[in-house]
Amino acid sequence: MGRIVVLDQNMVNMIAAGEVIERPASVVKELVENSIDAGATRITVAVDDGGRKLISVTDNGGGMDAEDLVSAFEPHATSKIKTSDDLRAISTLGFRGEALASIASIAQVKTVSRTADALAGNCIEIDCGDKAGLMPCSADVGTTIQVRDIFYKLPARRKFLKSANTEMTHIVEQFIRIALANTSIELALMHNGKEQYRLTAQQGIRARIAELFSQEVADNLLETQSEEKGLHIAALLGKPAIATTSNRLQYIFLNGRFIRDKFISHAIKEAYRGAIDPSRFPAAFIFIKMPYDDYDVNVHPTKIEVRFFNANLVHSQILACLREKLLATDLDTLASVPQSSVPPIRRDNKVAEAMEEFFRRHRPAGQRQMDFVARDSGPVTRDWGNERRETSIERRYLQIHDCFIIAENDDGFVIIDQHALHERIMYEQLKRRVHNSHLESQKLLVPESFQLTKEQSDTLENNSQLFEKLGIELVPFGPKTIAIQSFPVLLAKAEPADFMRDVIDMLTEKASTLDADSLFDEVLHMAACKAAIKAGQKLTDSEIEHLIADKQTIEQSSHCPHGRPTVIKFTVAELEKQFKRT
Ligand code: ADP
Ligand code: MG
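This text gives an overview of the structure that appears in the document. Just so we're clear, the structure is a prediction, and the values are computed from it rather than from any experiment. (Residues numbered from 1 in each chain as written. Chains lettered and ligands numbered in written order. Predicted model: local features only at pLDDT ≥ 70, side-chain atom pairs only at ≥ 80, totals over all residues. Heavy atoms only, no water.)

### Some thoughts on the site of ligand 1
Just so we agree on the cut-off: One heavy atom suffices: a residue is near a molecule or strand as soon as one of its heavy atoms comes within 4 Å of it. Within 3.5 Å is the distance limit for a polar contact, defined as a pair of N or O atoms, with the added protein rule that one can donate a hydrogen and the other accept it, and that residues adjacent in sequence qualify only through two side-chain atoms. Surface exposure here means Shrake-Rupley accessible area, sampled with a 1.4 Å probe, where a residue is shielded only by the protein chains that are shown. Strands here mean DSSP runs of E at least two residues long; helices mean DSSP runs of H or I at least four residues long; both are numbered from the N terminus. Charged means Asp, Glu, Lys or Arg here, nonpolar means Ala, Val, Leu, Ile, Met, Phe, Trp, Tyr, Cys or Pro, and polar covers whatever is left, Gly included.
Taken together, 19 residues lie around ligand 1, and Asn34, Thr78, Ser79, Lys80 and Gly97 are the ones closest in. Asn34 is positioned such that a nitrogen or oxygen atom in its side chain is 2.8 Å from an oxygen atom of ligand 1. Between ligand 1 and the protein, one listed contact pairs an oxygen atom with a backbone N or O atom of Phe95 at 2.8 Å. Burial of ligand 1 by the protein chains amounts to 92% of its free accessible area of 530 Å². Of all the secondary-structure elements, those providing two or more residues to the shell around ligand 1 are α2 (24-37) and α5 (99-106). When the residues that make up the shell around ligand 1 are grouped by side-chain class, the tally is seven nonpolar, eight polar and four charged.

Written out as structure tokens, the structure is:
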């Protein structure tokens, strides 16, 4: 007798459930998505014990009539697609017709539903695939689905459920994703009878972000949009101040569906390059709209990943849209001085702490104070009509400790980290110039030579184009020795041999992990750092004036290429507050 049997339908559903229903949060996601597809404008999610005991979703959507209520729980039962053509352009959140069948195969499910034109509703109960008959009942228009004791007949899977708290965290995350994508829907989340969230509809995305996260997050977002080649992008970009150590404030939506996408995450990271420390994650809420047939949602059981037919276009357009906004914005760090009576341990006081620390360590010596002669950079034309007043030209300045420049501006003053700012300026210049051609170089009067190991000379050979682009001309000079014949004019301040050794070391170390573009970018960072004014270097008036003037020419100068701030602002208003004048 053969050993192969065809599994009965309930087994098939249970196996499908393993893919779609991982934990209570997956049930919440599927049920709420169904409510949205049903046109609901008000949805309430109530769970008990982190969803392990009960998950209940009530909506005021279109509802189901008796016939639909029976078939809704059949596998592959869907009202959302009919032909394979529909599969190519899916505008609803659901379409596979397997969520309800899956859920009903692994829990006790009770559903009450009523359509707008019916006088009463119907109720159906299913216990792990066992369907009881349909019963008429009184009900409001819409649908309520209650899911009890998920996985109770599957001890192996029940065992994998985590504590109520952990499961609740997952549920909240699903709720947040849905809430961000649907600001026109009123949403509530209850846990053990207590209200966790009650979100008002029609207040816009910023208000919803404030309700879901905090007012601080909502207040620190820049808005931007772009529309090109059928791809519409709307983004809210967090200022560096609210960047976090994880990507928990990054949300990407495609036509109303939360997705995860490594191309888009990479574009976000690239857009912020230089604006925040590379180890931190900016807040970013990105809403993409594109024709349904430009991507495939049917590649992942929970549809959290999609396949773009032109992923490069998506990447480059998002990067361009975000970067343009960030470059056009003055992201200078605004200093907030801590109240002396309150210990400044709050996270958002990092800058203030750093400043305090700085002044503690660099307490000016009495005699040094004598050097602090404020220097006047001459008359300045003020442009009051310009709304970005903080970027108008600084008027008086002062170099302290040969490291920092304090410069007055319209709102107060800024403290410039001379090395960090100059490094940023150099980096932008280098980047601009190498973009189209190679750097202009100059023959060295005496070629500088240096020795190489076998590995280093291999690295050199493999990256010959990179050095060409930089305008560095190299010639072999005896065994294991190479001579630098020409060197870029822009890097005049750097030591050629020293620079080459560091670049070769970096290339040897990173060539295998980075792509060509990122590698070249690293080299530019290095070059900028080496060619920049150093900390501890006394500057002449004209050097300081140049630095301040160049600050205006680069569009975004508030962070060095390493992501550290280059400029910290103090406003008169803040000072007045500190001195209790207001
Ligand atoms: P899918 O959403 O992929 O179509 P589901 O198993 O999630 O599959 O749902 C099956 C069908 O049940 C849906 O296509 C829809 O017609 C109906 N349905 C499910 N939930 C609701 C609801 N809350 N309101 C109205 N109809 C619903
Ligand atoms: Mg569905």
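### Describing the packing of helix α15 (residues 454-462) against helix α17 (residues 496-510)
Spelled out, the test is: Fitting a line to C-alpha atoms yields each axis, with helices limited to the stretch in contact; the angle taken between N-to-C directions then spans 0 to 180 degrees. Throughout, the term roughly parallel applies to angles under 35 degrees, roughly antiparallel to angles over 145, roughly perpendicular to angles from 65 to 115, and oblique to all others. Two residues qualify as a contact provided that any one of their heavy atoms is within 4.5 Å of a heavy atom in the partner residue.
Here α15 crosses α17 at 85°, and the two axes come no closer than 9 Å. As far as their axial angle goes, α17 and α15 are roughly perpendicular. Counted together, Glu455, Gln456, Thr459 and Leu460 of α15 and Met500, Ile504, Asp505, Leu507 and Thr508 of α17 form the full contact between these two elements. A per-class count over the contact of α15 with α17 returns four nonpolar, three polar and two charged.

### Notes on the pairing of strand β14 (residues 284-289)
On a regular strand, one side chain projects to one face of the sheet and the next to the other, so that they alternate. Worth spelling out the cut-off: Three exposure classes are used, based on accessible area relative to the maximum for each residue type with a 1.4 Å probe and protein chains only: buried under 20%, partly exposed in between, and exposed over 50%. Two strands make a pair as long as DSSP finds a minimum of two bridges between them.
The buried count for β14 comes to five of six residues, which makes it a mostly enclosed element. Here strand β11 (residues 231-238) pairs with β14 via six bridges, running antiparallel. Considered in β14, the bridge of Leu236 is made with Phe285. Strand direction decides the pairing type here: strand β12 (residues 250-254) and β14, joined by five bridges, are parallel. Following the sheet pairing, Ile252 is matched in β14 by Ile286.

### A closer look at the packing of aromatic side chains
To keep it simple, the criterion reads: In summary, the pairing rule links any two rings of Phe, Tyr or Trp, Trp by its six-membered ring, whose centres are within 6.5 Å, and it sorts them by plane angle into stacked for under 30 degrees, edge-to-face for over 60 and tilted for everything else.
The full count for this structure, using the stated rule, is 11 aromatic pairs. Considering the side-chain rings of Tyr251 and Phe258, the 5.9 Å spacing of their centres and the 65° angle between planes classify their relative orientation as edge-to-face. On the basis of relative accessible area, Tyr251 is assigned to the buried category, the value being 1%. The buried category is assigned to Phe258, whose relative accessible area is 14%. Feature note: the residues Phe213, Tyr251, Phe253, Phe258, Phe285 and Phe287 constitute an aromatic cluster, connected by ring pairs.

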